[in-house]
Amino acid sequence: MHIPRLLINFKAYMESSGDRAVEISKSAERIWREMGVLIGVSPNIVDLRLISSSVEIPVFAQHVDPIPAGAYTGHVPPILVKEAGARGSLLNHSEKQIPLRHIAESINMMRDLNLISIVCSPTPSESAAVAALLPDAIAVEPPELIGSGIPVSKAKPEVILNSLRSVKAINSAIPLLCGAGISSGDDVKAALELGSYGVLVASAVTKSPDPQRKIRELAEPIASFTRA
Ligand SMILES: O=C(CO)COP(=O)(O)O
C-alpha cells in the first residue's frame, strides 16, 4: 500500500488549479524521483484526470460519496474517481465533513475498488472512531490551525501523541499522518519525531512563490528520517 508521506492538498485554491496544479504536481514528481520520498497530490476534482494523466506520483481525490455511478448530480462516486486515474481519496476533511456512516460506506466501496482511503479527523477521539472503520490511513488535523501557519507538530503535539495512542489501541497497522499549519522542514521533522507517519500540507505549498523549493524543504526531513 503506497501511502504518501507528504500529501499536498490543493483544496480549491486558484494558485493550485489548472496549469498551476500541473506545475506543482510535476515539481512534486521531480522531488520524488530526486529524493525517493513518496509524495502525493490531491487536486480539486475539476483537475483530477488532468493531474493523474500528467504525473506518475499518486493522485488523490479530496472527497468521494458512498454511491455507485448513476443519476447522482453533483456527487463523486468512487468508481469515477478510479476511472479518472486516482489512487485514492481523502475523506472527511474538516472543510468537507461527512457522517461516520458515510465514511464507513465510502471506505468499504473504496477498498473494493483498490482505492486508498485517507480519513481526516479533527481530534484524537475522532481518530479512534475513524480507526474502527479500518481506513488505510488517518490524518489528524485540528481545524483551528488549518491555514494558520501555526504547525500542529509544535503548537499541539499532544493532538498527535494522543491520536497515535488512540489509533494504536484500535489497530496499530493504520499509519497516522498529521496536518494543519505545517509550513517548514522543521515542522515536518517535529511531526516525524512525535511518531507521525507523514504530513498533509496545503497553503505552505499552494501559496508559496516557489512551490518546488517548498516541497523540497518539506521532503528533506522525511528523506533523512526514512534513511536513518
Ligand atoms: O487542510 C490542510 C491539509 O489538508 C492543512 O492546511 P494548511 O497546510 O494550509 O494548514
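As the structure is a prediction and not an experimental result, all values here were calculated from the model. (Residues numbered from 1 in each chain as written. Predicted model: local features only at pLDDT ≥ 70, side-chain atom pairs only at ≥ 80, totals over all residues. Heavy atoms only, no water.)

Student: With reference to specific residues and values, describe the environment of L164.
Tutor: With respect to the helices, strands and loops of the structure, L164 is situated in helix α7 (residues 157-170). Look at L164 and you get buried, because its relative accessible area is 14%. Taking the C-alpha atoms as reference, L164 lies 9.4 Å from L177; in sequence the two are 13 residues apart. (Helix = DSSP H or I, 4+ residues; strand = E, 2+ residues; numbered from the N terminus. Buried < 20%, exposed > 50% of the residue type's maximum accessible area, 1.4 Å probe, protein only.)

Student: A description of the site of the ligand should follow, citing residues and the corresponding values.
Tutor: Surrounding the ligand, one finds N9, K11, H93, E141, I146, G147, A180, G181, L200, V201, A202 and S203. Contact distances for the ligand include 3.1 Å between an oxygen atom and a side-chain N or O atom of N9. At 2.9 Å, a side-chain N or O of K11 approaches an oxygen atom of the ligand. Protein coverage of the free-state accessible area of the ligand, which is 310 Å², stands at 99%. The class makeup of the residues in the shell around the ligand is five nonpolar, five polar and two charged. (Near = heavy atom within 4 Å. Polar contact = N/O pair within 3.5 Å; in protein donor to acceptor, adjacent residues only side chain to side chain. Areas by Shrake-Rupley, 256 points an atom, 1.4 Å probe, with all protein chains shown as cover. Nonpolar A, V, L, I, M, F, W, Y, C, P; charged D, E, K, R; others polar.)

Student: So what's going on with the UniProt feature "binding site: substrate" (unreviewed entry) in the chain? Residues and values would help.
Tutor: The sites that carry the UniProt feature "binding site: substrate" (unreviewed entry) are, in the present numbering, N9, F10, K11, I146, G181, A202 and S203. For this annotated set, covering 195 residues, all C-alpha atoms fall within 14.3 Å of each other, a compact arrangement in space. Residue class for I146 comes out buried when judged on its relative accessible area of 17%. Excluding residues within four positions of it along the chain, I146 makes contact with K11, H93, S94, E95, E141 and A180. Summarising the element assignment, S203 is placed in helix α9 (residues 203-206). When residues no more than four places from it in sequence are discounted, the contact partners of S203 are Y13, G147 and S208. (UniProt positions renumbered as here; feature names shortened; annotations may be inferred. Contact = heavy atoms within 4.5 Å.)

Student: Provide a residue-level description of helix α4 (residues 100-112), including the pertinent values.
Tutor: Side chains that are three or four residues apart share a direction in an α-helix, a result of its 3.6 residues per turn. Helix length check: α4 (13 residues) gives 19 Å between terminal C-alpha atoms against 18 Å at 1.5 Å per residue, within 8%. Of the residues making up α4, those classed as buried are I103, S106, I107 and M110. For α4, the arc enclosing every buried residue in end-on projection is 105°, short of the 170-degree limit, so these residues lie on one face. In α4, those exposed residues whose orientation departs by more than 90 degrees from the buried face are R101 and D112. Turning to α4, the residues buried within the fold contact α3 (78-83), β4 (88-91) and β5 (116-121). (Expected span 1.5 Å × (residues − 1). Arc of directions from axis to C-beta.)

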